[in-house]
Amino acid sequence: MKWSKPRHKHYCSCSTTPHPQHTSPRERARDKERRKGVTMGNVLKVLACAELEHGPIVFLDFEHAQPTEAETAVWNQVSAVLEEAHGILAELQSYNGAGQEIREAIQNPGDLALQEKAWNAVCPLVAKLKRFYEFSLRLENALRSLLEALTSPPYAPMQHLEREQALAKQFAEILHFTLSFDELKMTNPAIQNDFSYYRRTISRNRLNNQQLEAENEVNNEMANRMSLFYAEATPMLKTLSNATTKFVSENKTLPIEDTTDCLSTMACVCRVMLETPEYRCRFTNTDTMLFCMRVMVGVIILYDHVHPVGAFAKTSKIDMKGCIKVLKEQPSNSVEGLLNALRYTTRHLNDDSTSKQIRALLQ
């Protein structure tokens, strides 16, 4: 990243070292002493220089952030939801479906034993799909609480990210879960097949004036809502996008920039951490790289859904070329799903305001 020629006598404190001609020996010594006091548990300002191309950035400690007293109430609420997330992903990862039983039942419509076998195989799977859907609603409420905390006056979004590092980490964890869930869902056609078979069976029995016991758990209204949810290629991301858009529309007194600046700042933070060796070496967990990539893509998509002109326009506060470049530098098997999320779940990629260069990068 290039340093612009300073327009002021002072320079700002950055984790990277400015060119010696920009500072005096006394200033450099004072800055070195000041940096000694920074601990891993705190937010580190890294590149907080107005002359830099993309404005002020913070380094968020996604691995070690702990809630302050002011964050505790919201943190506890969101933490209760996030505790379920690992179990949800594990269940989805092991979801094999009832494809064999369904095929046999369809091929032998007169064999009641095979019909019952297929039904008994599908019902517990639909109950599992219902739990996933209900979790999406709790995740939506958790996201709303975090958006309220991270955008509320009197602090600007940048100040919120500096002050409420633990909540920023939880926001990132929600996005990480969301993209992980959707990647698994997109590669598992059994989910749609199982649920479609369940609905067809329910409808057929209703026409024959029969009510199955499973309807007590997943009634017609619930089945309709679940059907809309699973019809989406990326259902969790769609839920969060709708929730963020709704949050902005319902908070008339809150400038939309407060929300979009929060999202663009997090995207920028992740990009800097991913592309800068000095910051990557601070990761103690090998999974943090993928975590940062998922979070970066997640906030880009949310930004693109909420901001009037989206993430790909020249006026966007997100460096889309830089973000895509960072993704493409990683092994393709770990990022193809994330690149596809940018290709197919954003709103403004194909707008006239999107440069041909960005479109070409995502080809």
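Cut-offs and rules
Residues numbered from 1 in each chain as written. Predicted model: local features only at pLDDT ≥ 70, side-chain atom pairs only at ≥ 80, totals over all residues. Heavy atoms only, no water. Helix = DSSP H or I, 4+ residues; strand = E, 2+ residues; numbered from the N terminus. Buried < 20%, exposed > 50% of the residue type's maximum accessible area, 1.4 Å probe, protein only. Areas by Shrake-Rupley, 256 points an atom, 1.4 Å probe, with all protein chains shown as cover. Phe/Tyr/Trp six-rings, centres within 6.5 Å; stacked < 30°, edge-to-face > 60°. Axes fitted to C-alpha atoms, helices over the stretch in contact; angles between N-to-C directions. Parallel < 35°, antiparallel > 145°, perpendicular 65-115°, else oblique. Contact = heavy atoms within 4.5 Å. Nonpolar A, V, L, I, M, F, W, Y, C, P; charged D, E, K, R; others polar. Expected span 1.5 Å × (residues − 1). Polar contact = N/O pair within 3.5 Å; in protein donor to acceptor, adjacent residues only side chain to side chain. Salt bridge = Lys/Arg side-chain N within 4 Å of Asp/Glu carboxyl O. pLDDT = per-residue confidence, 0-100. Core = buried A, V, L, I, M, F, W, Y, C linked by side-chain atoms within 4.5 Å. Left-handed = near helix turned anticlockwise from the far one by under 90°. Lys, Arg positive; Asp, Glu negative; His and termini not counted.

Here we come to the overall build of the chain. Scanning the chain from N- to C-terminus turns up 15 helices and two strands. Across the 363 residues that make up the chain, the buried fraction comes to 48%. Summed over all atoms, the accessible surface of the chain reaches about 18,600 Å², with 50% contributed by carbon and sulfur.

Here the focus is the packing of aromatic side chains. Taken as a whole and judged by the stated rule, the model has nine aromatic pairs. Consider the rings of Trp119 and Tyr198, whose centres lie 5.3 Å apart with planes at 5 degrees: the pair is stacked. In this pair, Trp119 sits in helix 4 (residues 112-151) while Tyr198 sits in helix 7 (residues 190-207), placing the two residues 79 residues apart along the sequence. The pair formed by Trp119 and Tyr198 is uniform in burial state, with each residue classed as buried. Ring geometry for Phe195 against Tyr198: centres 6.2 Å apart, planes inclined by 15 degrees, an arrangement best described as stacked. Taken together, the residues span about one helical turn, with Phe195 and Tyr198 both in helix 7 at a distance of three residues. Through successive ring pairs, a cluster of aromatic residues spans Trp119, Tyr133, Phe195, Tyr198, Phe229 and Tyr230.

Quick look at the packing of helix 4 against helix 8 (residues 220-231) now. Their axes nearest at 10 Å, the elements helix 4 and helix 8 cross at an angle of 75 degrees. Here helix 4 lies roughly perpendicular to helix 8, going by the angle between them. Packed against helix 4, whose contacting residues are Val126, Leu129, Lys130, Phe132, Tyr133, Glu134 and Ser136, the element helix 8 presents Met222, Arg225, Met226, Phe229 and Tyr230 at the interface. Classifying every residue of the contact of helix 4 with helix 8 gives eight nonpolar, one polar and three charged.

Side chains three or four residues apart in an α-helix point the same way, a direct result of the helix having 3.6 residues per turn. Between its first and last C-alpha atoms helix 4 spans 58 Å; for 40 residues at 1.5 Å apiece the expected length is 58 Å, and the two agree. Between a side-chain oxygen at the N-terminus of helix 4 and the backbone nitrogen of Ala113 the separation is 3.1 Å; the capping residue is Asp111.

This paragraph deals with the side chain of Thr276. Topologically, Thr276 is positioned in the loop between helix 10 (256-275) and helix 11 (277-280). Judged by its relative accessible area of 13%, Thr276 falls in the buried class. Engagement of the side chain of Thr276 in a polar contact is seen with the backbone oxygen of Val272, the distance being 2.7 Å.

Tallying each qualifying case throughout the model produces 14 salt bridges. The salt bridge partner of Arg144 is Glu148, with a shortest N-O separation of 3.4 Å. Remark: Glu148 and Arg144 occur in helix 4; sequence separation between them is four residues, near one turn of the helix.

Right, let's talk about the environment of Ala121 for a bit. Take Ala121: it is sitting in helix 4. Taking C-alpha positions, Ala121 is 9.3 Å from Asp194, a pair spaced 73 residues apart along the chain. Apart from residues no more than four positions distant in its own chain, Ala121 is found in contact with Ala98 and Glu101.

Residues with a pLDDT of 70 or more make up 80% of the chain, whose mean pLDDT is 81. Predicted confidence is poor over residues 1-23, with pLDDT under 50, and the contacts of this stretch with residues over four places away or in other chains come to 41 contacts.

A word on the nonpolar core. Core analysis: the biggest nonpolar cluster contains 98 residues, and Phe62, Phe171, Phe177, Met226, Ile300 and Leu327 have the highest contact counts within it. Broken down by element, the residue count for this core peaks at 17 residues, all from helix 4.

It is the contact of helix 10 with helix 13 (residues 320-328), at a shortest axis distance of 10 Å, that shows an interaxial angle of 45 degrees. Judged on the interaxial angle alone, helix 13 and helix 10 are oblique. The two elements helix 10 and helix 13 cross, and the hand of that crossing is left-handed. Residues Arg271, Leu274 and Glu275 of helix 10 form the contact with helix 13, whose participating residues are Gly322, Cys323 and Val326. Split into classes, the residues belonging to the contact of helix 10 with helix 13 amount to three nonpolar, one polar and two charged.

Its place among the elements puts Lys169 in helix 6 (residues 165-186). Although Lys169 lies buried, it forms no salt bridge, and the closest oppositely charged side chain, Glu173, sits 4.1 Å away as judged by the N-O distance. Setting aside residues no more than four positions away along its own chain, Lys169 makes contact with Phe62, Glu63, Ala65 and Phe291.

Let's shift gears to the environment of Lys246. Among the secondary structure elements, Lys246 is positioned in helix 9 (residues 235-250). Take Lys246: its relative accessible area is 42%, and that puts it in the partly exposed class. Each C-alpha atom, one on Lys246 and one on Val306, is 9.1 Å from the other, the two residues being 60 residues apart in sequence.

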